[in-house]
Each structure stands twice: as C-alpha cells, then as structure tokens.
Amino acid sequence: FGHMEVLQALADEGVRLDATVESSGMQPIHWAATHGHTDIVRFLLEKGCDVDATDIKRTTALVIAAQYDHSVLVFFLAKHRADITKLDDCNDSALHWAAYKGSIPVAGILLHLHGGCVGHVDRPDKFGQTPVHLAALRGNDDVILHLLEEAEAEDAVASASSSSSGGGEGGSDLVRRILELPDREGRTPLDLAVRKGRSGCEAILRRYADRHCEPRPTVLTVVRRTCSALFSVRS
C-alpha cells in the first residue's frame, strides 16, 4: 500500500525485505509492482532485493508492472537493469502483456529499450501467440497499429540498407512474418480478429496484409480496393 515509513521501520529492525509468500512465491517487490509504487520498488532495490526475482509463475516485477499498465514503473525497472526479455510460465514477455492489456505507453517503452521489434513483436509464447495475436484477441486495434507501424519502419530501414549495399530489394520481411505466423491452433492474428468480431483489428490487419502478404497488385486492383474501402462502413 505504499507505506514507506512502515517499510523503513521493518528494515531498521532487520526484517528480510525479500521474504517470499509460500503459496504464491510473491515478494514485497511484486506487491509494490502490482500497485505501481515506484518509490517502494526503489527502496527495495537499494536494500538489495533482486530486480528479476520471480514468483511461482516465473513472473518478474517488470512483467507485473506491464500487466497493470504502470508505464512509469516499467521504465524505472528497465533502467535499473530489469531483464525485459524475461518470460513467465506461459512464455509471455512484458510486451505480450502490454499488448493483451492494450497499453501503448508500456509497449512503446519496451520496444524503445529493446532496440526494435525483431525477437520481440514476432516472438510466440507457449500457445504460439505473438503480442499481435493477443492484441487481436482482445480487440486492441491501437496497439496492433502501433506494433505494425514500428515493424514496417524497421522493414523499410532494412530494405534501404540492403539496397545500398548491393543486396537488391531483399531487406526484412518482419511485417509479413508477424501477420502470417500461426499460433498453436493454426490461427493468424487476422483469423483471431475475425473469429472474435474485432472489426477494427480486422480492418488494420487486412490493410497491412494487402501491402505485405500479397503479390504486387495491378493498377486496376488498387483502384478496386480503394473504392471498396471508401464505401465500406467497416473500413
């Protein structure tokens, strides 16, 4: 609950600040992360608590902060060398949880600190689902748009680098890989969006699929698609 004076008194008496609750494996740092108490987390770290301590589900304070959309605490933990690539018992990362909960600030921080999308946005969890799968499942269209925009920008940089070095038009196919990657049951993010009736997510995913997953369209096809989109209530 953020009672610093109580925590300080306990520390003065020599109480262990990394004590673990047997049933859940949670330590004080996990409870502080649940409520977003950055000052308490700072105090615990100064007293020697492990920034990457895990509970019974292998969840770190950083992942918990992402689950509860505490963007300031996510940034603080990452800057204090918390491992942003740590996975819980379902192989979900903090980015998976940010996408599932629909938090663009947390997702943006994690991508910035990670240095890009590769190995992060395209990483499947225990169920074969990437952050884009989870965002589509929950109807978080703004998160999907953010992640795909970032991935598309990386593709453009990789393609330009490949061309300038004489590698032709190759470059990266990150967006295509994200869109086409099936989960454990063979469903792509678009499949999940359609199945769950997430029309906003579906429109975004189809737009990116048209650009990245199909052969180069003819002029007539582009005109037809444009007219279709203009007169489509869903689009």
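Use the structure listed above.
Predicted, not measured: the structure shown is a model, and the values here were computed from it. (Residues numbered from 1 in each chain as written. Predicted model: local features only at pLDDT ≥ 70, side-chain atom pairs only at ≥ 80, totals over all residues. Heavy atoms only, no water.)

Description of the side chain of Asp-92
Moving on, step 1. With respect to the helices and strands, the residue Asp-92 is situated in the loop between helix H5 (71–79) and helix H6 (94–101).
Moving on, step 2. Of the side chains with opposite charge, Arg-123 comes closest to the buried, unpaired Asp-92, at an N-O distance of 8.5 Å.
Moving on, step 3. When near neighbours in sequence (up to four residues on either side) are disregarded, Asp-92 contacts Lys-86, Leu-87, Trp-97, Asp-125 and Leu-134. (Helix = DSSP H or I, 4+ residues; strand = E, 2+ residues; numbered from the N terminus. Buried < 20%, exposed > 50% of the residue type's maximum accessible area, 1.4 Å probe, protein only. Lys, Arg positive; Asp, Glu negative; His and termini not counted. Salt bridge = Lys/Arg side-chain N within 4 Å of Asp/Glu carboxyl O. Contact = heavy atoms within 4.5 Å.)

Focus: the side chain of Asp-125
Moving on, step 1. Relative to the helices and strands, Asp-125 is located in the loop between helix H7 (104–114) and helix H8 (131–138).
Moving on, step 2. For the buried Asp-125, which has no salt bridge, the nearest side chain bearing the opposite charge is Arg-184, at an N-O separation of 7.9 Å.
Moving on, step 3. Reaching out from Asp-125, the side chain makes a polar contact with the backbone nitrogen of Phe-127 at a distance of 2.9 Å.
Moving on, step 4. One polar contact links the side chain of Asp-125 to the main-chain amide nitrogen of Gln-129, over a distance of 2.9 Å.
Moving on, step 5. Apart from residues lying up to four places away in sequence, Asp-125 is in contact with Cys-90, Asn-91, Asp-92, His-96 and Leu-134. (Polar contact = N/O pair within 3.5 Å; in protein donor to acceptor, adjacent residues only side chain to side chain.)

Some details on unusual backbone geometry
Moving on, step 1. In the Ramachandran plot, Arg-58 falls in the positive-phi region, its phi being about 60° despite a non-glycine side chain.
Moving on, step 2. Of note, Arg-58 is situated in the loop between helix H3 (38–46) and helix H4 (61–67).

Examining the pattern of salt bridges
Moving on, step 1. Applying the stated criterion across every chain, the model contains seven salt bridges.
Moving on, step 2. For Glu-185, the salt bridge goes to Arg-187, with nearest N and O atoms at 3.7 Å.
Moving on, step 3. A relative accessible area of 60% places Glu-185 in the exposed class.
Moving on, step 4. Members of the salt-bridge network, linked through shared partners, are Asp-183, Glu-185 and Arg-187.

Examining the layout of surface pockets
Moving on, step 1. Its boundaries defined by the atoms lining it, the second largest pocket holds a volume of some 330 Å³.
Moving on, step 2. Lining the second largest pocket are 16 residues, with Phe-1, His-3, Leu-7, Pro-28 and Ile-40 sitting closest to its centre.
Moving on, step 3. When contributions to the lining of the second largest pocket are tallied by element, the ones reaching two or more residues are helix H1 (4–12) and helix H2 (28–35).
Moving on, step 4. Counting residues per element, the lining of the second largest pocket draws most heavily on H1, at four residues.
Moving on, step 5. Among the residues forming the lining of the second largest pocket, the class breakdown is twelve nonpolar, three polar and one charged. (1 Å grid on protein atoms, 1.4 Å probe; cavity = no way out; pocket = protein on both sides within 12 Å on 5 of 7 lines; lining within 4 Å. Points joined across faces, edges and corners; volume = space filled by probe spheres on them. Nonpolar A, V, L, I, M, F, W, Y, C, P; charged D, E, K, R; others polar.)

Digging into the packing of aromatic side chains
Moving on, step 1. Here the structure, examined in full by the defined rule, presents one aromatic pair.
Moving on, step 2. With centroids separated by 5.8 Å and ring planes inclined at 85°, the aromatic side chains of Trp-97 and Tyr-100 adopt a geometry described as edge-to-face. Of this pair, Trp-97 and Tyr-100 both sit in helix H6, separated by three residues, roughly a single helical turn.
Moving on, step 3. Looking at Tyr-100, the relative accessible area reads 25%, which means it is partly exposed.
Moving on, step 4. Over the aromatic face of Tyr-68 sits the side chain of Lys-101, whose NZ or CZ is 5.6 Å from the ring centroid. (Phe/Tyr/Trp six-rings, centres within 6.5 Å; stacked < 30°, edge-to-face > 60°. Lys NZ or Arg CZ within 6 Å of the ring centre and 35° of its normal.)

Things to note about a positive patch on the surface
Moving on, step 1. Taken together, the side chains of Lys-101, Arg-138, Arg-195, Lys-196 and Arg-198 present a region of like positive charge at the surface.
Moving on, step 2. Looking at the secondary structure, you find Arg-198 in the loop between helix H11 (189–196) and helix H12 (199–212). (Patch = residues over 30% accessible without salt bridge, like charges linked within 9 Å, V, L, I, M, F, W, Y side chains within 5 Å. Areas by Shrake-Rupley, 256 points an atom, 1.4 Å probe, with all protein chains shown as cover. Charge placed at Lys NZ, Arg CZ, Asp CG, Glu CD.)

What to know about the nonpolar core
Moving on, step 1. Counting residues in hydrophobic clusters, the biggest one holds 56 residues, and the most contacted among them are Leu-77, Ile-144, Leu-148 and Leu-205.
Moving on, step 2. Sorting elements by how many residues they give to this core places H4 first, with six residues.
Moving on, step 3. Leave out the neighbours within four places in its chain, and Leu-205 touches Val-132, Ala-136, Ile-144, Leu-148, Leu-179, Pro-189, Leu-190 and Ala-193. (Core = buried A, V, L, I, M, F, W, Y, C linked by side-chain atoms within 4.5 Å.)

Description of the packing of H3 against H5
Moving on, step 1. Between H3 and H5, the shortest axis-to-axis distance is 10 Å and the interhelical angle comes to 20°. Classified by the angle their axes make, H3 and H5 are roughly parallel. Two packed elements cross with a definite hand, and for H3 against H5 that hand is right-handed. For the pair H3 and H5, contact is made by Thr-38, Val-41, Arg-42 and Leu-45 and by Val-72, Leu-73, Phe-76 and Leu-77, respectively.
Moving on, step 2. Looking at the contact of H3 with H5 residue by residue, the class counts come to six nonpolar, one polar and one charged. (Axes fitted to C-alpha atoms, helices over the stretch in contact; angles between N-to-C directions. Parallel < 35°, antiparallel > 145°, perpendicular 65-115°, else oblique. Left-handed = near helix turned anticlockwise from the far one by under 90°.)

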